[in-house]
Amino acid sequence: MGLELNIQSLNVEVSGKQVLTGLNLKIKQGEIHAIMGPNGSGKSTLASSILKRPGYVITSGSIFLDETEITDKSAYEIAKLKLFVSTQNPIDVPGVSVMDLLRNSTTTDKSEAEIMQLAELLSIKGDMLNRGLNVELSGGEKKRLDILQMLALEPAVCILDELDSGLDVDALDELAKLVYDLSAVTSMTVLVITHYARILKVLKPSSIHVLQQGKIVKTGDFSLAEELEVTGYEKF
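Residues numbered from 1 in each chain as written. Predicted model: local features only at pLDDT ≥ 70, side-chain atom pairs only at ≥ 80, totals over all residues. Heavy atoms only, no water.

Caption draft 1: Spatial organisation of the pattern of salt bridges. Taken as a whole, this structure holds 7 salt bridges when the rule is applied. With its nearest N and O atoms 2.7 Å apart, the salt bridge here joins R198 to D173. Here R198, found in helix α7 (residues 198-203), pairs with D173, found in helix α6 (residues 169-186); they are 25 residues apart in sequence, far enough to count as distant. One salt bridge connects K177 with D181, and the closest N-O pair in it is separated by 2.9 Å. (Salt bridge = Lys/Arg side-chain N within 4 Å of Asp/Glu carboxyl O. Helix = DSSP H or I, 4+ residues; strand = E, 2+ residues; numbered from the N terminus.)

Okay, structure coming up:
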């Protein structure tokens, strides 16, 4: 079952500079929302601050999963609550394979055979599961491994930071469809961060938010994404 993600008056600094300024966002259980905005508007900072990446300092505000506040919890504690983040640039982890990672996760009960079936669904070769995580892989291969982890872990909340980066059109549609289907089956709550409307045609978000200078300045339906592709963000 999904969880509600509720962000209240969030302020975040990076290298002493304020990037998020009083950001508010509520995504109900099972909903899919999207955030769009120009480079430097704070989109990836939002994902990184929720995940507690080093260097992203929450100076005030609150983040909740249902009634549980996670503002001051560690990344490990947040992961145990079944929040999953697919980052824009997945890091390499030599010495830890995808299979080892998933077999030892405390939030999945998938067997090795089930993980192999999911990998086959994603056209992931078996040897890729037993090498160091993301080591010597292309951007598209890393994104496939991210979605494999999502499918295996079945998180309550999933944040996708520019899933469309590094993927060709067909692969993007394929992976977005898997995210959409999992949300429909499990009521997984999804926040997708993107520059482009194409992925949203597959994910079908109920709300699209425009992030500008660290806060949400406009919310609308899919027509807003189409408008942005034509007009850009200057009017906001």
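Caption draft 2: Seen up close, helix α4 (residues 112-121). Here α4 has its buried residues at I115, L118 and A119. Along α4, the residues classed as buried sweep out an arc of 100° about the axis, all on the same side. Among the exposed residues of α4, those pointing more than 90 degrees away from its buried face are A113, Q117 and E120. Residues of α4 that are buried make contact with α3 (98-103) and α5 (139-153). Positioned one or two residues after α4, S123 has a phi angle of 60°, which is positive. (Buried < 20%, exposed > 50% of the residue type's maximum accessible area, 1.4 Å probe, protein only. Arc of directions from axis to C-beta. Contact = heavy atoms within 4.5 Å.)

Caption draft 3: Here's a closer look at the packing of α5 against α6. Contact geometry for α5 and α6: axes closest at 11 Å, N-to-C directions at 15°. Regarding the angle of α5 to α6, the classification is roughly parallel. The way α5 lies across α6 gives a crossing that is left-handed. On α6, the residues touching K143, R144, I147, M150 and L151 of α5 are A171, E174, L175, L178, V179 and L182. Residue composition of the contact of α5 with α6, grouped by class: 8 nonpolar, no polar and 3 charged. (Axes fitted to C-alpha atoms, helices over the stretch in contact; angles between N-to-C directions. Parallel < 35°, antiparallel > 145°, perpendicular 65-115°, else oblique. Left-handed = near helix turned anticlockwise from the far one by under 90°. Nonpolar A, V, L, I, M, F, W, Y, C, P; charged D, E, K, R; others polar.)

Caption draft 4: Spotlight on the side chain of K110. Residue position: K110 is located in the loop between α3 and α4. Side-chain polar atoms of K110 contact the side chain of E154, separated by 3.0 Å. Those residues in contact with K110 that lie beyond four places of it in its chain are I115, L118, L151, A152 and E154. (Polar contact = N/O pair within 3.5 Å; in protein donor to acceptor, adjacent residues only side chain to side chain.)

Caption draft 5: Spotlight on the side chain of N11. Mapped onto the secondary structure, N11 falls in strand β1 (residues 5-14). Polar side-chain contacts of N11 include one of 2.9 Å to the side chain of S60. Not counting residues within four places of it along the chain, the set of residues in contact with N11 comprises Q18, L20, T21, G22, V57, I58, T59 and S60.

Caption draft 6: The sheet that holds strand β5 (residues 68-69), seen in detail. Here we have 4 strands laid out as an open sheet, ordered β2-β1-β4-β5, and antiparallel in their pairing. The open sheet has two free edges, formed respectively by β2 (17-27) and β5, since each of these has just one partner strand. Examined bridge by bridge, strand β4 (residues 56-65) and β5 share 2 bridges and lie antiparallel to one another. By the bridge assignment for β5, F64 is matched with E69. Here helix α1 (residues 43-51) sits on the sheet in contact with β1, β2 and β4, set at roughly 100° to β1. (Pairing = 2+ DSSP bridges.)

Caption draft 7: Spotlight on the sheet that holds strand β10 (residues 189-193). Strand order across the open sheet formed by 6 strands is β6-β9-β10-β3-β11-β12, with mixed pairing between neighbours. Of all the strands in the sheet, the pair left with one neighbour each is β6 (83-86) and β12 (215-220). Ignoring strand direction, the axes of neighbouring strands in this sheet form an average angle of 20°. The sheet contact formed by strand β9 (residues 157-161) and β10 spans 5 bridges and is parallel.

Caption draft 8: Representation of α6. Taking 1.5 Å as the rise per residue, α6 with 18 residues should run 26 Å; its terminal C-alpha atoms sit 26 Å apart, in good agreement. Structurally, α6 contributes buried residues whose contacts are with β3 (32-36), α4, α5, β9, β10 and α7. Sitting at the amino-terminal end of α6 is D168, which places a side-chain oxygen 3.3 Å from the backbone nitrogen of D170. Looking one or two residues past α6, S187 carries a phi angle of roughly 65°, positive in sign. (Expected span 1.5 Å × (residues − 1).)

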